[in-house]
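# A look at the structure
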Amino acid sequence: MDNKKIYIINGSPRKNQNTAKMCSSFVLGVESTGIEAEIVNLYDLNFKGCQSCFACKLRGGKNLGRCAYPDDLKEVLNKVSYSNGIAFASPIYFGDVTGVMKAFMERLLFPFVTYDENYTPIPPKKLETAVIYTMNVNEEMFIKSYIGANNSGPLGFFENWISHIYKKPVRVCAFNTYQFSDYSKYVADVWDEKEKAKQRDEVFPIDLKNAYEAGKNMGYMIINNGK
Ligand SMILES: Cc1cc2nc3c(=O)[nH]c(=O)nc-3n(C[C@H](O)[C@H](O)[C@H](O)COP(=O)(O)O)c2cc1C
């Protein structure tokens, strides 16, 4: 039996803040099922978004259906594509995932989209997926503006493409996150530090638990499907 593995892609530049903590909790959940998990910190890698070289679409080409652009992402893309599950984790920047997460998405998913009338998906494996978001806004604003009606918002679009290529992602969110180590040092009067600290102390632990459960559930999905 081959080793089963889940990759958690961290699209946050901060290694020990909200998104990273959600990733670590997700990992613990996965590992509780006996399945291996690895976090990939995108900000540690030297890579760019899709170069539009179209080697992945070249008729009869040796790289048809995969991105072979030679930078730090090449090996990661290969490993992720043949794993069993992937969690895309990102802070929300301007209502969307971060730029590096977008660049990662272009490189991972575009080769698996066929340019036919159905955009037929051709990933080597149909992976289990999750999305993990952390952000300043509350849930209502998130659903209304970022997911959007009928998934028409930036994150709705992001999730639609993941669902098209892989399985529909399970979504885990942390809203109204604590953003600074010390609010008094920064110009951020729009936020009430006390309210933020309360959320951090009372709600964020629940968010972490939800991330743990999502990791555990993904682990069991993989074990039960035997894939
Ligand atoms: C450049 C930038 C843009 C941001 N844009 C948004 C936004 O549009 N909506 C939002 O709710 N939070 C926004 N935030 C706040 C972060 O999403 C939030 O603090 C997040 O939890 C940070 O994650 P981290 O702790 O992993 O860095 C932004 C933060 C930065 C640095």
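Figured I'd write up the structure that's included with this text.

## Some details on the sheet that holds strand β1 (residues 5-10)
- Pairing within the open sheet is parallel, and its five strands lie in the order β2-β1-β3-β4-β5. Here the strands that pair on one side only, and so sit at the sheet edges, are β2 (36-41) and β5 (170-174). Direction aside, neighbouring strands of the sheet carry axes that sit 15° apart on average.
- Pairing of β1 with strand β3 (residues 85-91), which is carried by five bridges, proceeds in the parallel orientation. Note on β3: the bridge partner recorded for Asn-10 is Ala-89.
- Against the sheet, helix α2 (residues 73-81) contacts β1, β2 and β3, and its axis sits at roughly 135° relative to β1.

## Observations concerning the pattern of salt bridges
- This structure, assessed with the given rule, holds 10 salt bridges.
- Here Glu-159 makes a salt bridge to Arg-171, at a shortest N to O gap of 2.9 Å. In this pair, Glu-159 is assigned in helix α5 (residues 154-165) and Arg-171 in strand β5, connecting sequence segments 12 residues apart.
- Each of Lys-5, Glu-36 and Glu-38 takes part in salt bridges that share partners, so that together they form one network.

## Topic: the packing of aromatic side chains
- A complete count under the given rule lists 13 aromatic pairs for this structure.
- Residues Phe-88 and Phe-158 carry aromatic rings whose centres are separated by 5.8 Å and whose planes lie at 80° to one another, so their mutual orientation is edge-to-face. Of this pair, Phe-88 sits in strand β3 while Phe-158 sits in helix α5, and the two are 70 residues apart along the sequence. The two residues Phe-88 and Phe-158 agree in class, both being buried.
- Relative to Phe-142, the ring of Tyr-133 has its centre 5.8 Å away and its plane inclined at 55°; by these criteria the two rings are tilted.
- On the accessibility criterion, Tyr-133 (0% relative accessible area) is buried.
- Under the relative-accessibility criterion, Phe-142 is labelled buried at 1%.
- Three or more aromatic residues link up through ring pairs in this structure, and these residues are Phe-54, Phe-110, Tyr-115, Tyr-119 and Trp-161.
- Here Lys-57 stacks its cationic end above the ring of Phe-110, 4.0 Å away from the centre of that ring.
- The ring of Tyr-115 has Lys-57 sitting right over it, with the charged end atom 5.6 Å from the ring centre.

About the thresholds
- Residues numbered from 1 in each chain as written.
- Predicted model: local features only at pLDDT ≥ 70, side-chain atom pairs only at ≥ 80, totals over all residues.
- Heavy atoms only, no water.
- Pairing = 2+ DSSP bridges.
- Helix = DSSP H or I, 4+ residues; strand = E, 2+ residues; numbered from the N terminus.
- Axes fitted to C-alpha atoms, helices over the stretch in contact; angles between N-to-C directions.
- Contact = heavy atoms within 4.5 Å.
- Salt bridge = Lys/Arg side-chain N within 4 Å of Asp/Glu carboxyl O.
- Phe/Tyr/Trp six-rings, centres within 6.5 Å; stacked < 30°, edge-to-face > 60°.
- Buried < 20%, exposed > 50% of the residue type's maximum accessible area, 1.4 Å probe, protein only.
- Lys NZ or Arg CZ within 6 Å of the ring centre and 35° of its normal.

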